Amino acid sequence: MKEYDVVVIGAGPGGYVAAIRCAQLGLKTACVDQWLGPDGKPSLGGTCLNVGCIPSKALLDSSHHYHNLQHLFPAHGIEVKSASIDVAKMQQRKDKVVQTLTRGVAGLLKKNKIDAFQGHGRLLEGRRVEVSPHGSGDKETLKAKNIIIATGSAPVQIPVAKIDGDRVVDNEGALAFSEVPKRLGVIGAGVIGLELGSVWNRLGSEVVILEALKDFLATADRDIAKEAQRTFKKQKLDIRLGAKVIAAKAGKTGVKVSFEDKGGEQSIDVDKLVVAVGRRAFTDELDPEAAGVKVDNQGRIEVDGQCRTAAEGIWAIGDVVRGPMLAHKASEEGIAVAELVAGQSAHIDHQLVPWVIYTHPEVAWVGKTEVELSDEGVEFRKGSFPYRAIGRAQGAGETDGLVKILADKKSDQILGVHIFGAQASELIAEAVTAMAFHASSEDLARTIHAHPTLSEAIHEAALAVDGRTIHL
Ligand code: FAD
Ligand code: NAD
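These numbers come from a predicted model, not from an experiment.

Analysis parameters
All residue numbers refer to position in the chain's written sequence, counted from 1. For naming, the first written chain is A and the first written ligand is 1, with later ones following in the order written. Local features in a predicted model are, by the rule used here, given only for residues with pLDDT of at least 70; side-chain atom pairs are given and counted only at 80 or more, and totals for whole chains, interfaces and linings are based on all residues. The side-chain quantities take in all heavy atoms of the structure and omit both hydrogens and water. Each domain's extent is set by a domain assignment, obtained either automatically or from a database. Here the quantity called buried area is the accessible surface, traced with a 1.4 Å probe, that two parts lose on coming together, added over both. Note on definitions: salt bridges are taken to be side-chain nitrogens of Lys or Arg within 4 Å of carboxyl oxygens of Asp or Glu. To qualify as a helix, a DSSP run of H or I must reach at least 4 residues; to qualify as a strand, a run of E must reach at least 2; elements of each kind are numbered from the N terminus. Buried means the residue's accessible area, taken with a 1.4 Å probe over protein chains only, is under 20% of the maximum for its type, while exposed means over 50%, and partly exposed covers the values in between.

Novice: Mind showing me how you'd approach the domain arrangement of the protein here?
Specialist: Each assigned domain of the protein is listed here: domain 1 (2–155 + 280–350), domain 2 (168–277) and domain 3 (361–465). Using only C-alpha atoms to locate each centre, domain 1 and domain 2 end up separated by 28 Å. A combined buried area of about 1,300 Å² lies between domain 1 and domain 2, and 66% of that area is made up of carbon and sulfur atoms. Looking at the side of domain 1 facing domain 2, the largest losses of area belong to Val51, Ser63 and Val87, adding up to 31% of the total buried there. Joining domain 1 to domain 2, the criterion identifies one salt bridge.

Novice: Quick question: what am I supposed to make of unusual backbone geometry here?
Specialist: Among all residues save glycine, negative phi is the norm, and among peptide bonds the norm is trans. In this structure, Pro361 follows His360 across a cis peptide bond, with omega equal to -5°. Position of Pro361 relative to the elements: it lies in the loop between β17 (355–357) and β18 (362–367). Geometrically, the link from His451 to Pro452 is a cis peptide bond, its omega value of -5° lying close to zero. As for its placement among the helices and strands, Pro452 is situated in the loop between α12 (441–445) and α13 (456–465). Phi is positive for Ser82, which is not a glycine, with a value near 45°. Here Ser82 lies in the loop between α3 (53–71) and α4 (87–111). Note on Ser82: relative accessible area 71%, which makes it exposed. With phi around 50°, Arg127 is a residue other than glycine that occupies positive phi space. With respect to the helices, strands and loops of the structure, Arg127 is situated in the loop between β3 (115–124) and β4 (128–133).

Okay, structure coming up:
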């Protein structure tokens, strides 16, 4: 039986990053992963690299270029007659991006002398992992001083709209359409629904998104959500709130989706239907209980603030545990656990995990919303600033959006930063850094921001907290 200091189960952004950090710290490390790519060959990187963050952003960029060509370039005096989209070529490019990065992960594991096992990992008692390899190879048992569970998540399925992989698809199918659906239905106006709905909308689909909740982007700041909803409407994303799907019947030519909303029972006919109603922790055939690991009532592996499970020496990170299902959160937990295993101290600040929704413009935030602060009885001041008053935004034709900063009324410490606007995913990093150093809004207001840049919207929003914006 092979013995390791650490065996990691799962090679997504949680698992592979944890494995690399363990190896850097001198721990003898193995990583077990079962993902197979479309060619049937092992493909490391988990959901994020194979069917999540990376392919969705590759398509997002393709669709953005196509959209700009038709709608933004003419204003610059650039006319392209009869623009067309070659979906097969766009998908090939996306597949190549995925392949480059998944192979890159394999290379990183090798370079760090991590033993990579390709196959299914199952927990056994006594801190052992049974590996069932793909194909006809023999099962193998690995013994470890520490095990890190990083098995990720899978799409939630709903009985009224069963995935058939053809007409009714999940994120994986929606990333692989071979042509632009004329009419596309999406169930769920969450992150995946909005991002993939935007991709196909920009390529020419008529997109209808059915969302069960009455509030749009219920967890986001209310002003940001309102502005985003207004902008998406302008983009002709048809988002129906308070819509409860009753049935989805797939036929030869399309899918009839029946739903109830305030207007009563109605239906839409679409060519494809994407189900994006959330994700669940993935522990299928992992057998956590066999190793003394507890699972909570939502199927997630139970952990403490430092990702320890109920079983000594077994840790769990990423989508399979509580907290937001985000790649960077998974990776940071992976690094922290590796350092704890190596006897170092490590800290994960779950309050400072940034959120980004990659629509156009993007939505990004870190920290608390106004509603959360009010519910907690925290007194705060706020400042916001619109993109339209920023010179760089005008020059780029990116005038939709705003930045909003919330700061403690007494100490002025920044408690939340909320952005809807171009490059929000990049701009939010400044806010995360400021908050990590417990900065005040006055600190940001006194920080020099280059002109002309979109980051000036953060500067002006910080000035606005104290009622002293310059450009409004
Ligand atoms: P995963 O990435 O799911 O990896 C788990 C790995 O473990 C998989 O390879 C799986 O096959 C393997 N595994 C599971 N069980 C076993 C077993 N028993 N034995 C062996 N191997 C096993 N997040 C962002 O931060 N930014 C984004 O832009 C973003 N975009 C997304 C877009 C889409 C369409 C989707 C679906 C998700 C997106 N996410 C994004 C979420 C992100 O993908 C996840 O938060 C992230 O992948 C979680 O990492 P993980 O390591 O916990 O799990
Ligand atoms: P989500 O939780 O973001 O959104 C699901 C939406 O579906 C919610 O608004 C919910 O109210 C709605 N819903 C649930 N059941 C419904 C029903 N029966 N009918 C109509 N609406 C229903 O989930 P998601 O979009 O599937 O994404 C899953 C997770 O993946 C995200 O929460 C996020 O953690 C991760 N992700 C992140 C990114 C990113 O960071 N940019 C991108 C994609 C996915």
